[in-house]
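Chain residues, written in single-letter form:
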Amino acid sequence: RTRAQNVIPVTVAQVLAAQQNGDNLIWDEIELHQVSILGIVRSVNENPTRLEYFIDDLTARPLEVRQFVDADENAPEDKTDIARENQYVQVFGTIRDFQGKRSINAFKILQVADANTITTHLLEVIHAHLALKKAKIAGQYINNINMCSLFGYANSQRVHNVIRACSEDQGMSVHTITDNLRGIPQKAIRDAIEFLSAEGHIYSTVDDEHYRSTDSV
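Residues numbered from 1 in each chain as written. Predicted model: local features only at pLDDT ≥ 70, side-chain atom pairs only at ≥ 80, totals over all residues. Heavy atoms only, no water.

Here we take up the overall build of the protein chain. A tally of regular secondary structure across the protein chain gives 6 helices and 13 strands. Split into buried and exposed, the 217 residues of the protein chain put 41% on the buried side. Per element, the accessible surface of the protein chain, about 11,900 Å² overall, is 48% carbon and sulfur. (Helix = DSSP H or I, 4+ residues; strand = E, 2+ residues; numbered from the N terminus. Buried < 20%, exposed > 50% of the residue type's maximum accessible area, 1.4 Å probe, protein only. Areas by Shrake-Rupley, 256 points an atom, 1.4 Å probe, with all protein chains shown as cover.)

Now the structure itself:
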């Protein structure tokens, strides 16, 4: 068993089903630390030091998510940026278990405006599960390098979806791509662009900072 250092896409059901082992939570023989979930905001409670959400992804009961606003630079400063009830959000954070009650301490919450993000998250969850199961069957030991490569495919798919949506002749700039995918580090985005370009899915236009999909709508 190993501790996954990357953000692992999961469902609420997987968070609740993870087994307690001392101070650790184990799912499919992987020690979960940082995860991402995507679902609908069922309720919001605003406190002076934190925001409390209940997020429902329809796989289990809604899960409590806390975001501390006093020490979190990613927390919304403007109240208009706070996610509201019935909005879709993607949450990045760490799982907490206190007296048998599971929750997530969020370090980033993104409001979801594109329905493709929902589909992509579900594909990432499935891909992660199948890849980990395949590796376990093969008797491989999942290390940090394997985990990085595991989600390279998912990042590439998300980058491709964003570029594909652009119909401008000059394509989309790397800066705009990064703004649209704030949950992915810029280096991972550039690695995905390099992979997609090498595979013939995208091509550079006016310079090396602008790309267009070969099948743009």
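From this point on, the discussion continues.
This brings us to unusual backbone geometry. Positive phi values are uncommon outside glycine, yet Asn 86 reaches one of about 75°. Looking at the element boundaries, Asn 86 is found in the loop between strand E8 (63-68) and strand E9 (88-98). Phi at Gln 99 is positive, roughly 55°, even though this residue is not glycine. Mapped onto the fold, Gln 99 is located in the loop between E9 and strand E10 (101-111). The class of Gln 99 is exposed, set by a relative accessible area of 72%.

Successive residues of a regular strand alternate their side chains across the two faces of the sheet. As paired elements, strand E3 (residues 19-21) and strand E4 (residues 24-27) share 3 bridges and run antiparallel to each other. When the bridges of E4 are listed, Gln 20 appears paired with Leu 25. Linkage of E3 to E4, two consecutive antiparallel strands, is achieved through a turn of 2 residues, within which Gly 22 is found at a positive phi near 70°. In this sheet, strand E5 (residues 30-32) lies alongside E4 in antiparallel orientation, the contact comprising 3 bridges. Residue pairing in the sheet places Ile 26 in a bridge with Glu 31 of E5. The turn linking E4 back onto E5 is made up of 2 residues, and Asp 28 within it adopts a positive phi angle of 50°. (Pairing = 2+ DSSP bridges.)

Right, let's talk about the nonpolar core for a bit. Leu 32, Ile 37, Tyr 53, Ile 55, Val 65 and Val 91 are the most contacted members of the largest nonpolar core, which totals 25 residues. Membership of the second largest hydrophobic core comes to 15 residues, among which are Val 159, Val 162, Met 172 and Ile 189. (Core = buried A, V, L, I, M, F, W, Y, C linked by side-chain atoms within 4.5 Å.)

What follows is about a nonpolar patch on the surface. Taken together, Leu 123, Ile 126 and Leu 130 make up a surface patch of nonpolar side chains, about 280 Å² in accessible area. You can see Ile 126 is positioned in helix H2 (residues 115-137). The class of Ile 126 is partly exposed, set by a relative accessible area of 48%. (Patch = residues over 30% accessible without salt bridge, like charges linked within 9 Å, V, L, I, M, F, W, Y side chains within 5 Å. Salt bridge = Lys/Arg side-chain N within 4 Å of Asp/Glu carboxyl O.)

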